[in-house]
Amino acid sequence: MDDRRSELKKIIMDTKTLPTLPGVILRLNELSESNKASVQEMAKIVSSDQVLAARILRLANSPSYGFYRVSTISNAMILLGVNVVKSLALSSSFFEIMEKDRIGLWEHSLGVGLAANLIARKLGLPECEEIATAALLHDIGKVVISLKCTDAETQIRSIAYEKQLFTLEAEHEVIDSDHTEIGAWLAKSWFLPDKLSEPIAFHHNVDLAENHRVKTAVVHVADVLIKASGFGDSGDSFVPQIQQTAWDVLKLTKQQLAELVEEIEEMLVEVKEFSLEMQA
Amino acid sequence: MQKIPLMNAVAGMVLARDVFRNGNSTGFPVCSKNTVLTETLITRLENMDIAFIHVKGHLLPLDGDRSLGDILHDLEHRFVKVRQDPLMATLHDIYADYYRRLMGDDGGRQTE
């Protein structure tokens, strides 16, 4: 890694200035690693932080998961899985920043979460909730850039606009790295499982995903579909290409693609409502 | 047809789909399609915690008050880098068809 990148990595990963992880999460981590802990015990720990618990419940009831009505943390843990609840807890401080200051990116992320869930269900894939979570988190690197390198972010936006580039290309011009790499650094420092970190790291280059290519492909296609629909603001004004690898891995038909567009567009009204509700 | 939050419903709108108790077809059906909404009916649906309904036509502007022409123009612009690829051209056409159906002749604004 060249000097500029390692310097950037140092700035970005300086944990003192990253949003702090609630102490609850550390204890949850310890518990989920021990085989003896029950879901009830873990739920009790999360519920002890009321703000965090409320945030997790709101997200669990968002259209990105949207097929359940979850009213307690232990329900959320059983229906969505401990991993999903843990990742939602980990990301809650980032979601807070997105909801308030980066509404466009927040709506884009919710939209991709929804689309990924619908794709996974249509294809009958296992672990739909994990896929939806990976999709919700896929652009987390962009939040880090906007937090840690505010000047660079402005520059990235203006270069992308002037030269008509994709955000990813503009990021390379300005910071010699991009949101997928930065998201991967963060995922690593949070010890997120591969099934979440690979889609974050490779949703623009599915070929590089080694262990979770299908999940990464779902997030990639969901990202393209939401960009095509123009919902939210990912920072990109152009729709990227659906990669051949992703298309081949998922074996979607054009008929299924058409059905998905219809289903997604119908549900986006709810996503919009949800986002307005969260901002209120 | 358009899906709208119940709070935006007004008397006179016509249901385009059956309404079910808990918002999906596994729930108890409470009101059938083609029913004309009245104030009383809307209040009743509210009391049942129905959040969304499907109504005929395209009554509420979804995204500002943009015409079909504007929407298709923006779609064209978003796809400008990938239109030459056959799969992406298909995806573009799927979206264009969707918008035409949503806002075009059958159930679109022109018929209101």
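All figures in this text were calculated on a predicted structure; none of them were measured in a lab.

About the thresholds
- Residues numbered from 1 in each chain as written.
- Chains lettered and ligands numbered in written order.
- Predicted model: local features only at pLDDT ≥ 70, side-chain atom pairs only at ≥ 80, totals over all residues.
- Heavy atoms only, no water.
- Buried < 20%, exposed > 50% of the residue type's maximum accessible area, 1.4 Å probe, protein only.
- Helix = DSSP H or I, 4+ residues; strand = E, 2+ residues; numbered from the N terminus.
- Polar contact = N/O pair within 3.5 Å; in protein donor to acceptor, adjacent residues only side chain to side chain.
- Salt bridge = Lys/Arg side-chain N within 4 Å of Asp/Glu carboxyl O.
- Domains from an automatic or database assignment.
- Contact = heavy atoms within 4.5 Å.
- Buried area = accessible area lost by both parts, 1.4 Å probe.
- Nonpolar A, V, L, I, M, F, W, Y, C, P; charged D, E, K, R; others polar.
- Pairing = 2+ DSSP bridges.
- Phe/Tyr/Trp six-rings, centres within 6.5 Å; stacked < 30°, edge-to-face > 60°.
- Lys NZ or Arg CZ within 6 Å of the ring centre and 35° of its normal.
- pLDDT = per-residue confidence, 0-100.
- Axes fitted to C-alpha atoms, helices over the stretch in contact; angles between N-to-C directions.
- Parallel < 35°, antiparallel > 145°, perpendicular 65-115°, else oblique.

(A) Representation of helix α4 (residues 50-60) of chain A within the structure. Within α4(A) the residues assigned to the buried category are A:Leu52, A:Ala53, A:Arg55, A:Ile56, A:Leu57, A:Leu59 and A:Ala60. Capping the start of α4(A) is the job of one residue whose side-chain oxygen sits 3.2 Å from the backbone nitrogen of A:Leu52: A:Asp49.

(B) Up close: the pattern of salt bridges. Applying the stated criterion across every chain yields a total of 16 salt bridges over all chains. With its nearest N and O atoms 3.3 Å apart, the salt bridge here joins A:Asp139 to A:Lys142. Like A:Asp139, the residue A:Lys142 is buried in the burial classification. B:Glu76 is the salt-bridge partner of B:Arg83, the closest N and O atoms lying 2.7 Å from each other. Taken together, the shared-partner salt bridges connect A:Lys122, A:Glu259 and A:Glu263 into one network.

(C) Broad picture of the domain arrangement of chain B. Partitioning chain B into structural domains gives domain 1 (2-55) and domain 2 (68-103). Placing a centre on the C-alpha atoms of domain 1 of chain B and another on those of domain 2 of chain B gives a separation of 31 Å.

(D) Summary view of the environment of B:Leu15. All names here are of chain B. As for its placement among the helices and strands, Leu15 is situated in the loop between β1 (2-5) and β2 (19-20). On the accessibility criterion, Leu15 (0% relative accessible area) is buried. C-alpha of Leu15 to C-alpha of Pro29: the two residues are 14 residues apart in sequence and 13 Å apart in space. When near neighbours in sequence (up to four residues on either side) are disregarded, Leu15 contacts Cys31, Ser32, Lys33, Asn34, Thr35, Leu37, Ile53, His54, Val55 and Lys56.

(E) Summary view of the side chain of A:Thr167. Residues and elements named next belong to chain A. Residue position: Thr167 is located in helix α11 (residues 167-175). Here the side chain of Thr167 touches Gly235 through a polar contact of 3.3 Å, landing on its backbone oxygen. Ignoring sequence-local partners within four residues, the contact set of Thr167 consists of Lys142, Ile156, Gly235 and Asp236.

(F) Geometry of the interface of chain B and chain A. With 25 residues of chain B at the contact, the number on the chain A side is 28 residues. Taking both sides of the interface into account, the surface hidden between chain B and chain A amounts to around 2300 Å²; carbon and sulfur atoms contribute 64%. Counting across the chain B and chain A interface gives two salt bridges. Close ionic contact of A:Glu262 with B:Arg101 constitutes a salt bridge, the shortest N to O distance being 3.1 Å. In this assembly, chain B and chain A are joined by nine residue pairs in polar contact (both at pLDDT 80 or more). Its residues assigned to classes, the side of chain B that touches chain A comprises 16 nonpolar, three polar and six charged.

(G) Main features of the pairing of β1(B). Residue and element names in this part refer to chain B. Residues Gln2 and Ile4 of β1 are buried on one face, and the alternating residues Lys3 and Pro5, pointing to the opposite face, are buried as well. As defined by bridge partners, β1 adjoins strand β4 (residues 52-55) across four bridges and the pair is classed as antiparallel. Paired with Lys3 across the strands is His54, a residue of β4.

(H) A look at the packing of aromatic side chains. Tallied over the full model, the rule gives three aromatic pairs over all chains. Both rings, one in A:Phe166 and one in A:Phe238, keep their centres 6.3 Å apart while their planes meet at 85 degrees; by these two values the pair is edge-to-face. With a gap of 72 residues between them, A:Phe166 in the loop between α10 (150-162) and α11 and A:Phe238 in the loop between α14 (213-229) and α15 (244-250) connect regions that are remote in the sequence. Its relative accessible area of 4% is what places A:Phe238 among the buried residues. The interplanar angle of 35 degrees and the centroid separation of 6.1 Å between the aromatic rings of B:Tyr95 and B:Tyr99 together place this pair among those described as tilted. Of this pair, B:Tyr95 and B:Tyr99 both sit in helix α3 (residues 86-103), four residues apart, which is roughly one turn of the helix. Accessibility classification places B:Tyr95 together with B:Tyr99 in one group, the buried group. Three or more aromatic residues joined by ring pairs form one cluster here, namely B:Tyr95, B:Tyr98 and B:Tyr99. The ring of A:Phe166 carries the charged tip of B:Lys81 above its face, separated from the ring centre by 5.0 Å. Of note, B:Lys81 hangs over the ring of A:Phe238, and the distance from its end group to the ring centre comes to 5.0 Å.

(I) Representation of the confidence of the model for chain B. All names here are of chain B. Scored by pLDDT, chain B comes out at a mean of 81, with 79% of its residues at no less than 70. Ranking the helices and strands of chain B by mean pLDDT puts α3 first, with 92, and β1 last, with 79. Contacts of residues 105-112 to residues separated by more than four positions or lying in other chains number 22 contacts, the stretch itself having pLDDT below 50. Interface confidence in the predicted complex, given as ipTM, is 0.86; pTM for the same model is 0.81.

(J) Region of interest: helix α9 (residues 140-148) of chain A. The buried fraction of α9(A) amounts to eight of the nine residues, a majority that puts the element mostly inside the structure. By the burial criterion, the buried members of α9(A) are A:Ile140, A:Gly141, A:Lys142, A:Val143, A:Val144, A:Ile145, A:Ser146 and A:Lys148.

(K) The arrangement of the packing of helix α2 (residues 68-78) of chain B against α3(B) in detail. Residues and elements named next belong to chain B. Remark: α2 packs on α3, axes separated minimally by 10 Å, with the N-to-C direction vectors making an angle of 170 degrees. It follows that α2 is roughly antiparallel to α3 by the angle criterion. Of α3, the residues touching α2 (which contributes Leu68, Ile71, Leu72, Leu75, Glu76 and Arg78) are His92, Tyr95, Ala96, Tyr99, Arg100 and Met103. Residue composition of the contact of α2 with α3, grouped by class: eight nonpolar, one polar and three charged.

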